[in-house]
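Residue-level structural notes
Each chain, letter by letter, is given below.
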Amino acid sequence: MIKKKIVVFTGAGISAESGLQTFRGSDGLWEGHRVEDVATPEAWQRDPESVQRFYNMRRIACRRAQPNAGHLALVELEKYADVYIITQNIDDLHERAGSKNILHLHGEIMKAQSSRDSNLVYQLQKDELSMEDKCKMGSILRPHVVWFGEAVPNMLIASEIVKDADILLVVGTSLQVYPAANLLYETSKDCKIELIDPNAHQMRINSNVILHSGTASEILPKWVEIYAE
Ligand code: OAD
């Protein structure tokens, strides 16, 4: 049997049940910080130490977190379909769960990049980056994350992956951040789109999208079980 191509587009919600906070919680803050204070090039110019500290804390939280039943269900899905994961998350929980094809749109917290040349990327062997850590050209290493106002280099690859998907499964994203959210409009007309989110029925979304209200760890294992039948 020919396997279908399933693209899974994930956001912070899939990692919520692993203990990592989403971005747009009820207080509008991300771990007590305004996003502009920590996730912009301006914040880095103004106060790089605070930005490093903030991402060091995120890295420690990420290291302590474990993949949940939602991440694991997507690994199981690989038995039945060609699965491609496009994630907005900077954590490495899809990797640690064991998924094979993973594209990070907004960077990876466990990596650092040169503050002068974003193509110089290093896998981190420790949790804390300091202003003493330099790239091979001697420039400070910053977190390998896409900040607001920066280009999203993997967006073109993501568009290519999505365009011939048979199914696009959207999990745990508020779809408020562009260009990432545009992926829903880059599918072929035959692609079936399904969305899993506790707020699915409150989201303003095209009527052709099949909505599943619930958390990733509740719905994804059942979704995979039904798909496998
Ligand atoms: P948001 O915080 O905007 O949205 C998280 C979504 O997850 C919401 O729709 C929640 O209802 C849903 N959710 C919460 N708990 C869930 C659970 N247990 N299971 C499933 N869904 C759940 O996060 P993102 O959409 O990922 O960008 O945010 C997109 C981007 O904005 C991030 O990648 C980041 C941020 O600023 C950058 O850092 C560039």
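To be clear, the structure that these remarks concern was listed above.
My aim in this report is to walk through the structure given alongside it, one point at a time. (Residues numbered from 1 in each chain as written. Predicted model: local features only at pLDDT ≥ 70, side-chain atom pairs only at ≥ 80, totals over all residues. Heavy atoms only, no water.)

Concerning the overall build of the protein
The criterion, for reference: Elements are defined by DSSP. Helices are runs of H or I of four residues or more, strands are runs of E of two residues or more, and each kind is numbered from the N terminus. The globule rule is 2.2 Å times the number of residues to the power 0.38, and the radius of gyration it is compared with is taken over C-alpha atoms. Relative accessible area decides the class of each residue, using a 1.4 Å probe on protein chains only: under 20% of the type maximum gives buried, over 50% gives exposed, and in between gives partly exposed. When checking whether two residues touch, look at their non-hydrogen atoms; a contact exists if any pair is within 4.5 Å. Surface exposure here means Shrake-Rupley accessible area, sampled with a 1.4 Å probe, where a residue is shielded only by the protein chains that are shown. Only four residue types enter the charge count, namely Lys and Arg as positive and Asp and Glu as negative; His and the chain termini do not. In plain terms, the charge of a residue is placed at NZ if it is Lys, CZ if Arg, CG if Asp and CD if Glu.
Broken down by element type, the protein carries eight helices and nine strands. Here the C-alpha atoms of the protein give a radius of gyration of 18 Å, agreeing with the 17 Å that 2.2 N^0.38 yields for 229 residues. Dimensions along the principal axes, computed over C-alpha positions, put the protein at roughly 55 × 35 × 30 Å. For the protein, the proportion of its 229 residues judged to be buried stands at 49%. The long-range fraction of contacts in the protein, counting pairs at least 24 apart against all pairs at least 6 apart in sequence, stands at 64%. Within the structure as shown, the protein displays about 11700 Å² of accessible surface, and the carbon and sulfur contribution to it stands at 50%. Distance from the positive charge centre (25 side chains) to the negative charge centre (31 side chains) of the protein: 3 Å.

Brief notes about the environment of Asp164
Residue placement: Asp164 occurs in the loop between α7 (155-163) and β7 (167-171). Through-space distance from the C-alpha of Asp164 to that of Ile60 is 37 Å; in sequence the pair is 104 residues apart.

A look at the site of the ligand
Our working rule: If even one non-hydrogen atom of a residue comes within 4 Å of a molecule or strand, that residue is called near it. Contacts described as polar in this section are N or O atom pairs within 3.5 Å, which, within protein, must combine one atom able to donate a hydrogen with one able to accept it, while residues neighboring in sequence count only if both atoms come from side chains. The pocket and cavity definitions rest on a 1 Å grid over protein atoms only: a 1.4 Å probe that fits but cannot leave marks a cavity, an open set with protein on both sides within 12 Å along at least five of seven lines marks a pocket, and residues lining either have an atom within 4 Å of a point. By definition, a pocket or cavity contains a molecule when more than half of the molecule's atoms lie within 2 Å of the pocket's grid points.
By nearness alone, 21 residues border the ligand, and Phe23, Arg24, Thr173, Ser174 and Asp197 come closest of all. At 3.0 Å, a backbone N or O of Gln88 approaches an oxygen atom of the ligand. Note that an oxygen atom of the ligand is positioned 2.7 Å from one of the side-chain N or O atoms of Thr173. A total of 790 Å² of accessible area belongs to the ligand in isolation, and the protein chains cover 91% of it. In this structure the site holding the ligand corresponds to the largest pocket.

Overview of the sheet that holds strand β8 (residues 192-197)
Threshold: DSSP calls a pair of strands paired once it identifies at least 2 bridges connecting them. Convention adopted: a line fitted to C-alpha atoms gives each axis, helices being fitted over their contacting stretch, and angles between N-to-C directions are expressed from 0 to 180 degrees.
Read from one edge to the other, the open sheet built from six strands follows the order β3-β2-β1-β7-β8-β9, with strand pairing classed as parallel. Looking along the sheet, the strands with just one partner apiece sit at the ends: β3 (102-104) and β9 (210-213). Taking each pair of neighbouring strands and ignoring which way they run, the sheet shows an average axis angle of 20°. Together, β1 (4-10) and β2 (81-87) form the strand contacts of helix α5 (residues 69-77), whose direction differs from that of β2 by roughly 145°.

A closer look at unusual backbone geometry
Cis geometry marks the peptide bond from Tyr178 to Pro179, where omega comes out at 10°. Among the secondary structure elements, Pro179 is positioned in the loop between β7 and β8. Notably, Leu175 is not glycine yet its phi reads approximately 55°, a positive angle. You can see Leu175 is positioned in the loop between β7 and β8.

Concerning the pattern of salt bridges
Put simply, the test is: Salt bridges are counted wherever a side-chain nitrogen of Lys or Arg sits within 4 Å of a carboxyl oxygen of Asp or Glu.
In this structure the tally under the stated criterion is 14 salt bridges. The shortest N-O distance in the salt bridge between Arg34 and Asp37 comes to 3.1 Å. You can call Asp37 partly exposed: its relative accessible area is 32%. In this structure, the salt-bridge partner of Arg63 is Asp127, at a minimum N-O distance of 2.5 Å.

Section: the packing of aromatic side chains
This is how it is decided: Stacked, edge-to-face and tilted are the three classes for Phe, Tyr and Trp ring pairs, Trp counted by its six-membered ring, which pair at centre distances within 6.5 Å; planes under 30 degrees apart are stacked, over 60 edge-to-face, the rest tilted.
Using the criterion set out here, one finds four aromatic pairs in the structure. Each ring, one from Tyr55 and one from Trp147, has its centre 6.4 Å from the other, and the planes form 40°; the classification is tilted. With Tyr55 in helix α4 (residues 48-64) and Trp147 in the loop between β6 (141-145) and α7, this pair connects stretches of sequence that are 92 residues apart. As far as the burial class goes, Tyr55 and Trp147 line up, both buried. Between Trp223 and Tyr227 the ring centres are 5.6 Å apart and the planes differ by 5°, which places this aromatic pair in the stacked class.

Overview of the sheet that holds strand β5 (residues 121-123)
By definition, the strands of a sheet pair up through backbone hydrogen bonds, in either a parallel or an antiparallel sense. Pairing is antiparallel in the open sheet, where three strands are placed in the order β5-β4-β6. Both outer strands of the open sheet, β5 and β6, are each paired with one neighbouring strand and no more. Pairwise comparison of adjacent strand axes, ignoring direction, gives a mean angle of 45° for this sheet. Direction of pairing for strand β4 (residues 107-114) relative to β5: antiparallel, over a ladder of three bridges. When the sheet's bridge partners are listed, Ala112 is paired in β5 with Tyr122. Against the sheet, α4 makes contact with β4 and β6, and its axis sits at roughly 140° relative to β4, the strand it touches most.

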